[in-house]
Amino acid sequence: MTASSTAAQLPAERVASGRLPRFFSRFGVHLVLAVLMIIWLLPTIGLLVNSLRSSSDIASSGWWTALFPPKGLTLDSYAKVLAETDIASGFINSLFITIPATIIPIFVAAFAAYAFSWMNFPGRNLLFVAIVGLLVVPLQTTFIPILQTFGQLGFAGEFLTVWLAHTGYGLPFAIYLLRNFMGSLPKEVFESAYIDGASPVTAFFRLALPMTVPAIAALAIFQFLFVWNDLLVALIYLGAVRPENLPMTVQIANLVNSQGGGWELLGPAAFISMALPLVVFFALQRYFVRGITGGAVKG
Amino acid sequence: MDPRLGTALAVVIGIPAVLVGYIYLTEVVLRFVPERRRAQFRPWLWLLPALLFLGLFLVIPTVLTILRSFQGAVAGAWVGLENYAWFFGTPDALIALRNNLLWVVFLTLFTVGGGLIIAVLVDRVRYETIAKSVIFVPLAISMTAAGVIWRFMFDYQSPGSPQTGTLNGILGAVGLGPISFLQVDTLALNTIFLIIVMAWMWTGFAMVILSAALKGISTELLEAARVDGATEWRVFRFIVFPLLLPTVAVVSTTIVITALKAFDIVYVMTNGNFGTDVIASRMIKESFIFGNFGHGSALAVILLLAIIPVMGLNISRFRAQEAIR
């Protein structure tokens, strides 16, 4: 069947794919995408502009009135949020929480992933399926017993609690991601290493780990963003006991819910908390995307 | 200098050193095991740290919470199904369940539908990378920050005074009265507005995965259909869409789980007021504000029960993948 005969049978569709309508449909694609991009950027731009205005301006007029021509833009709110709130120490706390809570699960997961990929033991598949199942367990089902145990052990509210908890919570995904990657490494590499007398420890550190770097990079970004952006875990384990240990997310949430004015502080606080994730995101977007698609679509 | 810096350094260097040391130690330990049994013991030693963490932080606490849900506000006082009866008999609490349903339906619809449309559209333009980054970037920020950003979108001032919220500014410009977005609970509209915030964050996730799957479809196939006179719509409807369907299913599972676990956005934007509570936020409220761990545990178990079918889907999909590995 040729193109012309099909088109002749379907005159309506021929019009739709004619030259002029095609121009309009191209134009339509650009228009829709432009509108979507504006919709996606607008909320953030609004907050950015408001974070650069004084509190009286924010309360009396919309952010768009400050744009054409630009007027009354100042960094005062940023100075104020750093001087008058705990956001600066919250930033340090977020780092204290995030870095160990990113490093620990990577190591623990890498060992487990290697065992799942390259060692034989009874119940291997069943155990891995159970870990895949744990991926979705809501953290809420774990809070009350863990909180009580931490209290009894006497380290409630310490950073240690969130380091350990985030490691436990992050492990199912970490093991899943690393095992999928390690399991697809070429078998021959490990076989010849064993023939040459390498121990599993050597094979792991010299072969498996270096070859898994792309997956580890993706995992590190995920875990970093997950912990840095986490509100719930920090709120539960640190919130009530040691307020001075709170990360930025909880501090900002408290600022929102306190309602005691200080609206001009929200914007700067939010942007300070977004700075690091945005740097990580734009610098390592490639790995980030690979991590997401690697976890979901195979091949 | 912050005295905690020393602790942090010790942790960042110490813990990996301990873990690496542990793995080397396993080989030392295995020397005491008869050679033919070593291969049998070794995997369990490698898995031990992970199994400890998973057991102590996920498995055992979940079991304890299930047990706790059959006890009253005071631990140890067994009350049978009373906490569940409370939940299903209290209209105020049931709102949380209704809202979670809305979250599941509309978040999936918005993100997967939106992500699919955007993935197909950006495939046709040269500025694809930039467009994708713009849609994708909200996923990198915290839901707390997103909540703050959208509070200024939804901001409401009483009629007559100048509107400072972006959406009410736009409504005002076309002559419509200001809407108190987060307080209109007719038809649970405020919950829908909260879902829109989450959709703003998660549409990029759906788009990236669907876009990757789209690139995997052979262009020869599509060209052949076009040469045969198929319109763009028919190419999409009868070739692209069916081929994307498995990926759509995968993305939907993740989004459904995200919707069931929804918490941060609600907590930051309304704190569950005006009928916007979801199960997760109600659970935190019952446990840590009202101090009733019985109610809180029951809510957590209800959340778990809602997620288990999705988990089942996840596992069966995983097994199917393994089969073709």
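(A) Region of the structure containing the overall build of chain B. For chain B, the count of helices and strands is 13 helices and zero strands. Order of helices (α) and strands (β) in chain B, N terminus to C terminus: α-α-α-α-α-α-α-α-α-α-α-α-α. For chain B, the C-alpha radius of gyration of 26 Å lies well beyond 20 Å, the compact-globule estimate for 325 residues. Looking at chain B residue by residue over its 325 residues, the buried ones come to 41%.

(B) Fine view of the packing of helix H15 (residues 263-283) of chain A against helix H6 (residues 143-154) of chain B. Close contact between H15 of chain A and H6 of chain B brings their axes to 9 Å; oriented N to C, the two are set at 145°. The handedness of the crossing between H15 of chain A and H6 of chain B is left-handed. Listed contacts from H6 of chain B to Leu266, Ala270, Ser273 and Met274 of chain A of H15 of chain A are Ala145, Val148 and Ile149 of chain B.

(C) Spatial organisation of the interface of chain B and chain A. If you look at the interface, chain B gives 93 residues, while chain A gives 89 residues. Its residues placed into classes, the side of chain B that touches chain A shows 64 nonpolar, 19 polar and 10 charged.

(D) Molecular detail of the confidence of the model for chain A. Of the residues in chain A, 88% reach a pLDDT of 70 or more, and the chain-wide mean stands at 84. When mean pLDDT is taken per element in chain A, helix H6 (residues 87-118) of chain A scores highest with 93 and helix H1 (residues 3-9) of chain A scores lowest with 41.

(E) Fine view of the environment of Thr270 of chain B. Residue and element names in this part refer to chain B. Locating Thr270 in the fold gives a position in the loop between helix H11 (264-269) and helix H12 (279-289). Overall, Thr270 belongs to the buried group, with 23 C-beta atoms counted inside 10 Å. Between the alpha carbons of Thr270 and Leu51 there is a distance of 38 Å; along the sequence they are 219 residues apart. Those residues within four positions of Thr270 in sequence are excluded, and the remaining contacts are Leu182, Asn190 and Thr276.

(F) Representation of the nonpolar core within the structure. Ala112 and Leu178 of chain A are the most contacted members of the largest nonpolar core, which has 164 residues in total. For this core, the element with the highest residue contribution is H6 of chain A, accounting for 17 residues. Residues contacting Ala112 of chain A, with those up to four places away along its chain left out, are Ile175 of chain A together with Trp46, Leu47 and Ala50 of chain B.

(G) Structural context of the environment of Pro43 of chain B. Following the sequence through the fold, Pro43 of chain B ends up in helix H2 (residues 35-68). You can call Pro43 of chain B buried: it has 22 C-beta atoms within 10 Å. With residues up to four places along the chain from it excluded, the contact list for Pro43 of chain B reads Ala115, Met119 and Phe121 of chain A.

Basis of the calculations
Residues numbered from 1 in each chain as written. Chains lettered and ligands numbered in written order. Predicted model: local features only at pLDDT ≥ 70, side-chain atom pairs only at ≥ 80, totals over all residues. Helix = DSSP H or I, 4+ residues; strand = E, 2+ residues; numbered from the N terminus. Rg over C-alpha atoms; globule rule 2.2 N^0.38 Å. Buried ≥ 20, exposed ≤ 12 C-beta atoms within 10 Å, placed from the backbone. Axes fitted to C-alpha atoms, helices over the stretch in contact; angles between N-to-C directions. Left-handed = near helix turned anticlockwise from the far one by under 90°. Contact = placed C-beta atoms within 7 Å. Nonpolar A, V, L, I, M, F, W, Y, C, P; charged D, E, K, R; others polar. pLDDT = per-residue confidence, 0-100. Core = buried A, V, L, I, M, F, W, Y, C linked by C-beta atoms within 7 Å.

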